[in-house]
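One-letter residues, chain by chain:
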Amino acid sequence: TAIPKATGGTWTCTFDDEFDGTTLNAQNWSPITSAQWAPLNNGACYTTSPDNISVSGGYLNLTVRKEAAPFTCTLPANYLVTTQYTAGEVASTGKFSQAYGRFAVRASFPAATVAGLQSSLWMFPSSTSIYGNWPLSGEIDIAEWYSAYPDRAIPYLHYNYDAKTVNASTGTNVVTNNYCVINNVNAFHEYAVEWTTSAITITFDGLSTMQTWR
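What you see is a predicted model; the values in this text were computed from it and never measured. (Residues numbered from 1 in each chain as written. Predicted model: local features only at pLDDT ≥ 70, side-chain atom pairs only at ≥ 80, totals over all residues. Heavy atoms only, no water.)

Participant: Go over the pattern of salt bridges with me, naming the residues and quoting the values.
Facilitator: Going through the model one piece at a time under the given rule, you end up with four salt bridges. Glu67 is the salt-bridge partner of Arg65, the closest N and O atoms lying 3.1 Å from each other. The exposure class of Arg65 is partly exposed, given its relative accessible area of 31%. For Asp151, the salt bridge is made with Arg152, and the minimal N-O distance between the two is 2.9 Å. You can call Arg152 buried: its relative accessible area is 19%. Connected through shared salt-bridge partners, Arg102, Glu190 and Glu194 make up one network. (Salt bridge = Lys/Arg side-chain N within 4 Å of Asp/Glu carboxyl O. Buried < 20%, exposed > 50% of the residue type's maximum accessible area, 1.4 Å probe, protein only.)

Have a look at this one:
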């Protein structure tokens, strides 16, 4: 489907995955594991297990699980921690990167409301260590969902201090909007960002959530 640009014309598709197979497309994605570079987020150990990452029926399924018993999770530098939770994460790191454009995901967040869950649709810089430069890393979080706030999705921008977007009362960057209420987060919605040389515009189902000018 041709998607119009706000400045005229239409967007050209450069990357697409419909998850129409039965396994993760290794040309597009890599599983992210705790041993590789992910921390123990929310107490969960990231694995490549099909219990945590699976593809079927046109869907990519990322699942967090409470396992039958505590186990040892290996973090970078062979640092060992004990947890009872596993989770799944995938990234296009080293396979696809692009500055500027329209990036869109159709996604369904969990219906569960138990405490401690987080699901995120993120974009990371391809040329920097995200943890070495975090939180001012250039990370663009299209949507973050928390079970503590199950009725909304939260966009968040990580960037260096910018006088044009600073909150004068606090002297800090304006980085997020916490008021994007979603009608039934368990249904599929489109979460998108349009990134140009002059602005970053994040939309949920075509409705603008915020705009940050350079």
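Participant: Tell me what's going on with the sheet that holds strand E5 (residues 65-75), and back it up with residues and numbers.
Facilitator: Strand order in the open sheet formed by three strands is E2-E6-E5, with mixed pairing between adjacent strands. With partners counted over all chains shown, the strands left at the sheet margins are strand E2 (44-46) and E5, one partner each. For this sheet the average axis-to-axis angle between neighbouring strands, irrespective of direction, equals 60°. When E2 meets strand E6 (residues 79-87), the two strands line up parallel, connected through three bridges. From the neighbouring strand, Cys45 faces E6, where its bridge partner is Thr86. (Pairing = 2+ DSSP bridges. Helix = DSSP H or I, 4+ residues; strand = E, 2+ residues; numbered from the N terminus. Axes fitted to C-alpha atoms, helices over the stretch in contact; angles between N-to-C directions.)

Participant: Before we move on, can you summarise the packing of aromatic side chains with the specific residues and values?
Facilitator: This model, assessed by the stated rule, comprises ten aromatic pairs. Ring centres of Phe109 and Trp145 lie 6.3 Å apart, and the angle between their planes is 10°; this geometry places the pair in the stacked category. Residue Phe109 is found in the loop between strand E8 (101-107) and strand E9 (118-123), and its partner Trp145 is found in strand E10 (residues 140-146); the two are separated by 36 residues along the sequence. Aromatic pair Trp122 and Phe124: ring centres 5.4 Å apart, planes at 50°, arrangement tilted. (Phe/Tyr/Trp six-rings, centres within 6.5 Å; stacked < 30°, edge-to-face > 60°.)

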